[in-house]
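Tertiary structure, described
Listed below, chain by chain, are the residues.
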Amino acid sequence: MNKLFDLTGKVAIVTGASTGLGYGMSIGLAEAGADILLVDIVPSTETEQEILKLGRKGFSIIADLAQMSSIDLVINSALDKFGKIDILVNNAGIIRRTPAIDFTEKDWDEVMQINSKAVFFLSQAAAKDMIKRKSGKIINIASLLSFQGGILVPSYSASKGAVAQITKALANEWAKYGLNINAIAPGYMATNNTKALREDPVRSKQILERIPAERWGTPDDLKGAVVFLASKASDYVNGHILVVDGGWLAR
Ligand code: NAP
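Starting from 1, residues in each chain are numbered consecutively following that chain's sequence as written. At least 70 in pLDDT is required for a residue's local features to be given in this predicted model, at least 80 for side-chain atom pairs to be given and counted, and no such filter applies to totals for whole chains, interfaces and linings, which use all residues. Based on all heavy atoms of the structure, the side-chain values leave hydrogens and waters out of the count.

Turning our attention to the overall build of the protein chain. Helix numbering and strand numbering both begin at the N terminus, where a helix is a DSSP run of H or I of at least 4 residues and a strand a DSSP run of E of at least 2. Secondary structure assignment for the protein chain yields nine helices and seven strands. Projected onto the principal axes, the alpha-carbon positions of the protein chain cover approximately 50 × 40 × 35 Å. Across the 251 residues of the protein chain, 51% fall into the buried class. Here a residue-residue contact requires only that any non-hydrogen atoms of the pair lie within 4.5 Å. Taking contacts inside the protein chain between residues at least 6 apart in sequence as the whole, the part at least 24 apart equals 69%. Each accessible area value is a Shrake-Rupley result obtained with a 1.4 Å probe; residue values ignore everything except the protein chains displayed when judging cover. For the protein chain, the exposed area adds up to about 11,500 Å²; of that, 55% sits on carbon and sulfur atoms. Three exposure classes are used, based on accessible area relative to the maximum for each residue type with a 1.4 Å probe and protein chains only: buried under 20%, partly exposed in between, and exposed over 50%.

Listed below in structure tokens is the structure:
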């Protein structure tokens, strides 16, 4: 059974790896045996150190996914350092909170660039290595707002709707080459991304009341889902959006 989930010898790229969900998923993948290229706009020093403690290779690079030139930088760094790409976790993401009526073009473009355009082009670049080897796992980080409209975050909702559709579109084209393209839709998780919500007593109470598990999620809560989607255990799962939300969508 362990062999189904074993990632020994696998090479992963995780974006947004310095903190939050990217940190938790990187540790989970390393615990399962993977070596990891850690990508973020800041150094992923703590993540790298924890991975080394686990006896795996972790290598941090700085790349700004707002710049399209970062795509080649990320892929070339992974190939130079590790020689191949088995797993890509498109996790980096940003959010801008403003009423739709006042929302600016700048906030729209920045969110769409990092949350969905970079996801597509990083997947495309990684798939060029994966398709050659007829094997690869791409895991996109979607959101409950891939399904719901959200409040005050129109570009975020649009970008995460796009993540779900990109996941399905790529699965349709690349499953035949032995690739699996799936997504994880986290619920309300305690990270920097949700700091403003958790500090708002009204919204924070409303959110907590709706979560059947009666708690916010943590980065550790994504470890099982990401290892499953990165491993042999999910070889016949494609184009799926795996919700990890303490039951939120069921209510
Ligand atoms: P987070 O703590 O803010 O982490 C996001 C990471 O992405 C940060 O390390 C951030 O760096 C990095 N990043 C931001 N802009 C970047 C850029 N231009 N280039 C490279 N890296 C960049 O947020 P999180 O909650 O862990 O979110 C991770 C993913 O999960 C995101 O896609 C988010 O939309 C999604 N998600 C989160 C939740 C939640 O409840 N937290 C729910 C559903 C989905 P800086 O810290 O330096 O900005």
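This part takes up the packing of helix H4 (residues 69-82) against helix H5 (residues 105-133). Relative orientation of the contacting elements H4 and H5 amounts to 35°, with a least axis distance of 10 Å. Note that H4 runs across H5; the crossing there is right-handed. Packed against H4, whose contacting residues are Ile71, Val74, Ile75 and Leu79, the element H5 presents Ala118, Phe121, Leu122, Ala125, Ala126 and Asp129 at the interface. Amino acid classes used here: Ala, Val, Leu, Ile, Met, Phe, Trp, Tyr, Cys and Pro are nonpolar; Asp, Glu, Lys and Arg are charged; the rest, including Gly, are polar. Residue composition of the contact of H4 with H5, grouped by class: nine nonpolar, no polar and one charged. Comment: axis = line fitted to C-alpha atoms, over the contacting stretch for helices; angle = value between 0 and 180 degrees taken between N-to-C directions. By definition, turning the near helix anticlockwise from the far helix through less than a right angle yields a left-handed crossing, and turning it clockwise yields a right-handed one.

One simple way to see leftover space: roll a probe sized like a water molecule over the atoms. The definitions used throughout rest on a 1 Å grid laid over the protein atoms alone, on which a cavity is an enclosed set of points accommodating a 1.4 Å probe that cannot get out and a pocket is an open set flanked by protein within 12 Å on both sides along at least five of seven lines; lining residues are those having an atom within 4 Å of a point. Grid points are joined across faces, edges and corners, and a volume is the space filled by probe spheres set on the points. Of the voids in this model, the largest pocket is the one considered here, and its volume is about 1,000 Å³. Lining the largest pocket are 46 residues; nearest its centre among them are Gly93, Ile94, Tyr156, Thr191 and Asn193. Per-element tally for the lining of the largest pocket: the top contributor is helix H8 (residues 201-210), with four residues. Lining the second largest pocket we find 13 residues, and of these Lys10, Ser135, Lys137, Lys232 and Asp235 sit closest to its centre. Residues belonging to the lining of the second largest pocket are distributed by class as follows: two nonpolar, five polar and six charged.

It is worth stressing that arrangement in space is one thing and function is another; only the former is reported here.
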